Amino acid sequence: MLSAQSLAKIDREVAKYPADQKRSAVMAALRIALTERRELGQTPDARCLNADVIEFVANYLGIAPVAAYEVATFYNMYDMKPVGQYKITVCTNLPCALSGGVSAAKYISEKLGIAIGETSADGKYTLLEGECMGACGDAPVLLVNNHHMCSHMSPEAIDKKLAELK
Amino acid sequence: MAIFKSGVIFEGVDTQDANAWRLAAYEARGGYAALKKILQGAMPQDEVIAEVKNSGLRGRGGAGFPTGLKWSFMPRAFQGDKYVVCNTDEGEPGTFKDRDILRFNPHALIEGMIIGGYAMGCRAGYNYIHGEIFEAYEQFEEAIEEARAAGFLGNNILGSGFNFELYAAHGYGAYICGEETALLESLEGKKGQPRFKPPFPASFGLYGKPTTINNTESFASVPFIIRDGAQKFLEAGKPNNGGTKLFSVSGHVNRPGNYEIPLGTPFSELLEMAGGMRDGKKLKAVIPGGSSAPVLPGDVMMGLTMDYDSISKAGSMLGSGAVIVMNEDVCMVRALERLAYFYHEESCGQCTPCREGTGWLYKVIHRIANGQGRPGDLELLDSVGNNMAGRTICALADAAVFPVRSFTKHFRNEFEYLIEHGKPLVNHKWC
Ligand SMILES: Cc1cc2nc3c(=O)[nH]c(=O)nc-3n(C[C@H](O)[C@H](O)[C@H](O)COP(=O)(O)O)c2cc1C
Ligand code: SF4
Ligand code: FES
């Protein structure tokens, strides 16, 4: 269900913890599984986690599926719902809102023609609001696909970024 | 780049240099000299802890607890694994200093953790990093590899017989994992729900073993203390407030960013360093220590110095050192609405007063902000808050109540006006 590369990455995570504490690697293992699905998935529902993948990860680590499922649903960066090829999460918490965070979210929403929380009809983009990303000095900030942070996102910078995300 | 002034941690760090974070650059700045001093000169564990105590270093994660004292709580005689854990789950709105430590000076943290591991007799350490700064996590893993290759990690470090391993772990979108016992749960691969205390982590921590948790900036200050001496660190700040401190300045200033300045520096000077107020507007309010700290009116702030004692005397907290600056155009009801939403969203749901209370706070503030406030709503906020504060497993509930109490106290007229007239006193627009 996961590629040999992903499994090797999970093995590296498992090695960080005592032999009887493989469960500790579940956070990273789910992230690795999600990343693979995002990269290979052709449709929004093929890009998110689902019960089968979570169960696979749990079995691989030798923990109960429900334990992995609890983790996947507790932490909000694990996509449990269909998601576009590019998931854009804009920080709109207070410090960012004072420096353009809310306007940036609005600008992207208008430009893509989707409301916050929606995925575009062609399955390309999902737009979300996020909480503080620990980068408020660089506001407006947004994350692309969880791992790539973009800073100082003025309208011009947003235009440029969206042009890259084709 | 986001660092504008340096003290203990960023001294000599050139943020324009893409390799400033690497081992070679760190060693050229005097890095790992403290570890060598300890291991090769065989500075005993007690002496290291005493030095940290004497430095006056107080925890930089929010509570300001003396670091050396915390280290001395670790059971000395315990046979078995002990752990040292770093908290880089920086998610307190307004705080962005630990990310810059990882980006520009990760080896200071690594060295500080190794020294802590040595002083407390730990076998291994973990650094738990906020999921949103995944790029910094990946770079930190590389920095760990550099340290391992150079013989600063692993078995028999520098021929001293001391063994220590260090690993990076990451969160994935849960503010509550910044609370130290939720962080431990998460490191164990569970939902990040805080534990009942006692027992405290020093006796029952990671995997039930004795564990010490410190903030990134706390650990990263330790190499300086050992290398240059506790006295020098203490003198860099003021009595009972040792050292320089990183302040993350955000909001309506010309130059938002991190400023590492002596504790005790007047706020007015910090504001000036940050380029003053953007567009020459008037200062209205400041949250001096991250979103959980009570807000203070601008004119009060202008009379304060940036240290634990001064800010707490004025009724707020230095917290994480996140300074959120707001100008005269901010509607304080709208501002509070953002924060109330955050705490509601991030409550882990374990305790009824917090789970329900944060929902109520948001709901009531939201309706006031939208002109649908009802007479009695301010009293309702008070009573909801009183039923939350101090009645829960962790301090998130208090953190949610502090902003509500302070905003409605210092800017009461704006709330009353909105409730009475259905429209705001300050015509607010997010820029
Ligand atoms: C809701 C909540 C969130 C917290 N978030 C953080 C955080 O992001 N970073 C941090 O270092 N400490 C955070 N803390 C404080 C930690 O529980 C802990 O006190 C701290 O990491 C200890 O390190 P220090 O003594 O070096 O400050 C948080 C506490 C609470 C209650
Ligand atoms: S106070 Fe809130 S966040 Fe803390 S344990 Fe209770 S429900 Fe969870
Ligand atoms: S408030 Fe947006 S990154 Fe902190």
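Every chain begins its residue count from 1, and numbering advances along the sequence as written. Chains carry letters from A onward and ligands carry numbers from 1 onward, assigned in written order. pLDDT decides what is reported in this predicted model: residues at 70 or higher carry local features, side-chain atom pairs at 80 or more are listed and counted, and totals for whole chains, interfaces and linings draw on all residues regardless. Hydrogens and water molecules were not included; the side-chain quantities draw on all heavy atoms of the structure.

- As annotated in an unreviewed UniProt entry, chain B carries the name NADH-quinone oxidoreductase subunit F and comes from Crenobacter caeni.
- UniProt positions are given in the numbering used here, feature names are shortened, and annotations may be inferred rather than shown by experiment. Turning to chain B, the UniProt record has this under Sequence similarities (unreviewed entry): "Belongs to the complex I 51 kDa subunit family."
- Check the Function (unreviewed entry) section of the UniProt entry for chain B; it says "NDH-1 shuttles electrons from NADH, via FMN and iron-sulfur (Fe-S) centers, to quinones in the respiratory chain."

- You'll find chain A entered in an unreviewed UniProt entry as NADH-quinone oxidoreductase subunit NuoE, with Crenobacter caeni given as the organism.
- Database annotation for chain A, UniProt heading Sequence similarities (unreviewed entry): "Belongs to the complex I 24 kDa subunit family."

## A word on the overall build of chain B
Part 1: What chain B contains, in helices and strands, is 18 helices and 12 strands.
Part 2: Each radius of gyration is computed over the set of C-alpha atoms, and the globule rule expresses the reference value as 2.2 Å times the number of residues to the power 0.38. The C-alpha atoms of chain B give 22 Å as radius of gyration, which agrees with the globular expectation for 431 residues (22 Å, within 12%).
Part 3: Relative to all contacts within chain B whose residues are 6 or more apart in sequence, the contacts with residues 24 or more apart total 70%.
Part 4: Surface accessibility follows the Shrake-Rupley procedure with a 1.4 Å probe radius. Residue values consider only the protein chains on display as shielding. With an accessible surface of roughly 15200 Å², chain B has 51% of that area assigned to carbon and sulfur atoms.
Part 5: Note on charges: Lys and Arg go in the positive column, Asp and Glu in the negative column, and His and the chain ends are not counted at all. Where a charge lies is defined by one atom per residue type, namely NZ (Lys), CZ (Arg), CG (Asp) and CD (Glu). Averaging the coordinates of the 43 positive side-chain charges in chain B and doing the same for the 49 negative ones gives two points 4 Å apart. By the criteria applied, helices consist of DSSP H or I runs no shorter than four residues and strands consist of E runs no shorter than two, each listed in order from the N terminus. Two residues qualify as a contact provided that any one of their heavy atoms is within 4.5 Å of a heavy atom in the partner residue.

## Considerations on the sheet that holds strand S1 (residues 86-91) of chain A
All names here are of chain A.
Part 1: Taken together, 4 strands build an open sheet; the order of strands is S2-S1-S3-S4 and the sheet is mixed. Looking at strand neighbours, the two that pair on one side only are strand S2 (125-130) and strand S4 (148-150), the edges of this open sheet. Within this sheet the neighbouring strands show an average axis-to-axis angle of 25 degrees, counted without direction.
Part 2: Two strands pair if DSSP finds at least two bridges between them. Alignment of S1 against strand S3 (residues 142-144), held across 3 bridges, turns out to be antiparallel. Counterpart to Val-90 in the pairing with S3 is Leu-142.
Part 3: The strands touched by helix H6 (residues 101-112) within the sheet are S1, S2 and S3, with S1 carrying the most contacts at an inclination of about 150 degrees. For helices, the fitted line uses only the C-alpha atoms of the stretch in contact; every axis is such a line through C-alpha atoms, and the angle between N-to-C directions lies from 0 to 180 degrees.

## A short note on the UniProt feature "binding site: [2Fe-2S] cluster" (unreviewed entry) in chain A
Residue and element names in this part refer to chain A.
Part 1: The UniProt entry lists Cys-91, Cys-96, Cys-132 and Cys-136 under the feature "binding site: [2Fe-2S] cluster" (unreviewed entry), expressed in the numbering used here. A maximum C-alpha distance of 8.7 Å is found for the annotated residues, which run over 46 residues; spatially they form one tight group. The annotated residues named above include Cys-132 as those lining the second largest pocket.
Part 2: Tracing the chain through its elements places Cys-91 in strand S1. The distinction between a cavity and a pocket rests on a 1 Å grid over the protein atoms alone: a 1.4 Å probe fits inside a cavity but cannot get out, while a pocket stays open yet meets protein on both sides within 12 Å along at least five of seven lines, and a residue with an atom within 4 Å of a point counts as lining.

## So, the site of ligand 1
All names here are of chain B.
Part 1: When we say a residue is near a molecule or strand, we mean one of its heavy atoms is within 4 Å of it. Ligand 1 sits among 18 residues. The nearest are Gly-61, Lys-70, Asn-214, Asn-215 and Ser-218.
Part 2: Definition of a polar contact: a pair of N or O atoms within 3.5 Å, with one able to donate and the other able to accept a hydrogen when the atoms are protein atoms, and with sequence-neighbouring residues admitted only if both atoms are side-chain atoms. Gly-61 places a main-chain nitrogen or oxygen 2.7 Å from an oxygen atom of ligand 1.
Part 3: At 3.0 Å from an oxygen atom of ligand 1 is found a main-chain nitrogen or oxygen belonging to Glu-180.
Part 4: In the complex, the protein chains occlude 89% of the 610 Å² of accessible area that ligand 1 would expose alone.

## Details of the side chain of Ser-109 of chain A
Part 1: Along the chain, Ser-109 of chain A turns up in helix H6.
Part 2: Those residues in contact with Ser-109 of chain A that lie beyond four places of it in its chain are Ile-114, Ala-115 and Leu-127 of chain A.

## A closer look at a nonpolar patch on the surface
Part 1: Among the surface-exposed residues, Phe-65, Leu-69 and Phe-73 of chain B lie close enough to one another that they form a single nonpolar patch of about 260 Å² accessible area.
Part 2: Of note, Leu-69 of chain B is situated in helix H4 (residues 67-72). Think of a patch as exposed residues, more than 30% relative accessible area, with no salt bridge, where like charges cluster within 9 Å and nonpolar side chains (Val, Leu, Ile, Met, Phe, Trp, Tyr) cluster within 5 Å. Definition used for salt bridges: Asp or Glu carboxyl oxygen within 4 Å of a side-chain nitrogen of Lys or Arg.

## Remarks on the domain arrangement of chain A
All names here are of chain A.
Part 1: Here the limits of each domain have been adopted from an automatic or database domain assignment. Assigned domains within chain A: domain 1 (4-74) and domain 2 (86-165).
Part 2: Using C-alpha coordinates to define each centre, domain 1 is positioned 27 Å away from domain 2.
Part 3: In short, buried area is how much 1.4 Å probe accessible area vanishes from two parts on joining, totalled over both. Taking both sides of the interface into account, the surface hidden between domain 1 and domain 2 amounts to around 380 Å²; carbon and sulfur atoms contribute 51%.
Part 4: The interface formed by domain 1 and domain 2 contains 0 salt bridges.
Part 5: The tally of links between domain 1 and domain 2 comes to 1 residue pair in polar contact (both at pLDDT 80 or more).
Part 6: Gly is put with the polar residues, along with every residue not named as nonpolar or charged; the nonpolar set is Ala, Val, Leu, Ile, Met, Phe, Trp, Tyr, Cys and Pro, and the charged set is Asp, Glu, Lys and Arg. Here the residues of the side of domain 1 that touches domain 2 sort into 2 nonpolar, 1 polar and 3 charged.

## Side note on the interface of chain A and chain B
Part 1: Contact with chain A, which involves 46 residues of that partner, is made by 61 residues of chain B.
Part 2: Interface of chain A and chain B: buried area, both sides summed, is about 4300 Å²; carbon and sulfur atoms make up 56% of it.
Part 3: Scanning the region where chain A abuts chain B turns up 4 salt bridges.
Part 4: The salt bridge partner of Glu-141 of chain B is Arg-12 of chain A, with a shortest N-O separation of 3.7 Å.
Part 5: Counting across the chain A and chain B interface gives 23 residue pairs in polar contact (both at pLDDT 80 or more).
Part 6: Those elements giving two or more residues to the side of chain A that touches chain B turn out to be helix H1 (4-14), helix H2 (26-40), helix H4 (65-74), helix H5 (94-97), H6 and S4 of chain A.
Part 7: With 5 residues, H2 of chain A is the largest single contributor of residues to the side of chain A that touches chain B.
Part 8: Residue classes in the side of chain A that touches chain B are distributed as 23 nonpolar, 14 polar and 9 charged.

## Brief notes about unusual backbone geometry
Part 1: Here Ala-139 of chain A and Pro-140 of chain A are connected by a cis peptide whose omega angle stands at -5 degrees.
Part 2: In this structure, Pro-199 of chain B follows Pro-198 of chain B across a cis peptide bond, with omega equal to 0 degrees.
Part 3: Among the structural elements, Pro-199 of chain B can be located in the loop between helix H8 (180-187) and strand S5 (211-215).
Part 4: With phi around 50 degrees, Asn-145 of chain A is a residue other than glycine that occupies positive phi space.
Part 5: Summarising the element assignment, Asn-145 of chain A is placed in the loop between S3 and S4.
Part 6: One non-glycine residue, Asp-279 of chain B, adopts positive backbone phi at about 55 degrees.

## Thoughts on the packing of H2 of chain A against helix H3 (residues 51-61) of chain A
Residues and elements named next belong to chain A.
Part 1: Relative orientation of the contacting elements H2 and H3 amounts to 140 degrees, with a least axis distance of 10 Å. On the basis of their axis angle, the class for H2 and H3 is oblique. Pair H2 / H3 crosses with right-handed handedness. Mapping the contact onto sequence places Val-26, Ala-29, Leu-30, Ala-33 and Arg-37 in H2 and Val-53, Ile-54, Val-57 and Leu-61 in H3. With respect to orientation, any angle under 35 degrees is reported as roughly parallel, any angle over 145 as roughly antiparallel, any angle of 65 to 115 as roughly perpendicular, and every other angle as oblique. For any helix crossing, the convention is left-handed if the near helix is rotated counterclockwise from the far helix by under a right angle, and right-handed if that rotation is clockwise.

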